[in-house]
Amino acid sequence: MLVHALQVEGVVGQADLLTQVLTDHPATLVAEDRETLLRVCLRCIRRGQHWHLAPGLLNTLEDVWAPGKTWTGELAGALATLAQHSPHLNELGLTARWLQRLLPLAVRSAHDPDRVVLHSAVLTLAVRTVDLPALRRLLEAMSAHQPAPALEPALTSALSCLAQFEPDPQVAAWLAQASDWFEGSAPVLLERARWAQRQGKRPRWPCVWWRPLHPATKAIAAPCCGWPTRCSLRAMHRTLNAFISALVW
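Only a predicted model underlies this, so the values are computations on that prediction, with no experimental measurement involved.

Looking only at helices and strands, the chain has 13 helices and zero strands in total. For the chain, the sequential pattern of α-helices and β-strands runs α-α-α-α-α-α-α-α-α-α-α-α-α. Residues classed as buried in the chain amount to 44% of the 249 residues present. Put simply, of all contacts in the chain between residues at least 6 apart along the chain, 60% involve residues at least 24 apart. Approximately 13000 Å² of the chain is accessible, and the part contributed by carbon and sulfur atoms is 55%.

Following this line, the structure appears as structure tokens:
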């Protein structure tokens, strides 16, 4: 009954019952017979972005979590929500401790498409705590396999972080690989353009930018007229250069 009530509350965007459960009875959630309730609470934290309710429960779970726990994915999702939204350094410290515990599991399961939530969360934790060795370790493991499409945002953020703080040929290779993984991805193309500009090179625009229905093309083509005459293509090229330069600088 309580599980159903929490799910209904989450659908309508409320958190009163969730707050009460996590405030008054956090210790009871770690009992084996309350596993379903624990998973629902963790999902509600992530889906409702109730990051302020996460620290107490996450501190409680530190003593009971093990890699084989079935609620690891939900735990990782709640941690990512806290890392993304919390402005407090002590809570980022909490996520950094969890990152070191979750990282080995994420590396071992890098080929498993059923672990997308875990992989995305670990990448997010590493970016938010600027743990560059952790990013490199996980990206090295993931680069041997075709990642799931759902990992595109987290992977792009990870590559952007590395490109900013530790640019080297390996990061360049991963950016090129990401273009093959997520063909036509505007965020990946923008990261490659930023990389080229940092290296003092002129970005090379793949033909995907000129697809009329591509999201990037829609944004870029708005100021241009006469599609697709030679004149308009030149105008689009100028607009695209200005668009990228504004994002980079």
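Going through the model one piece at a time under the given rule, you end up with two aromatic pairs. An angle of 75° between the planes, with centres 5.9 Å apart, marks the rings of Trp65 and Trp98 as edge-to-face. Of this pair, Trp65 sits in the loop between α4 (54-61) and α5 (72-85) while Trp98 is found in helix α6 (residues 89-108), placing the two residues 33 residues apart along the sequence. Taken as a pair, Trp65 and Trp98 share a single burial class, namely buried. Pairing Trp181 with Phe182 gives two aromatic rings, centres 6.3 Å apart and planes at 75°, and the pair type is edge-to-face. Each member of the pair, Trp181 together with Phe182, is buried. Of note, Arg101 hangs over the ring of Trp98, and the distance from its end group to the ring centre comes to 5.0 Å.

Let us now look at the confidence of the model for the chain. Here the chain shows a mean pLDDT of 83. Residues at 70 or above account for 81%. Counting interchain partners and residues more than four positions distant, the pLDDT-below-50 stretch residues 217-227 has 26 contacts.

What counts as what
Residues numbered from 1 in each chain as written. Predicted model: local features only at pLDDT ≥ 70, side-chain atom pairs only at ≥ 80, totals over all residues. Heavy atoms only, no water. Helix = DSSP H or I, 4+ residues; strand = E, 2+ residues; numbered from the N terminus. Buried < 20%, exposed > 50% of the residue type's maximum accessible area, 1.4 Å probe, protein only. Contact = heavy atoms within 4.5 Å. Areas by Shrake-Rupley, 256 points an atom, 1.4 Å probe, with all protein chains shown as cover. Phe/Tyr/Trp six-rings, centres within 6.5 Å; stacked < 30°, edge-to-face > 60°. Lys NZ or Arg CZ within 6 Å of the ring centre and 35° of its normal. pLDDT = per-residue confidence, 0-100.

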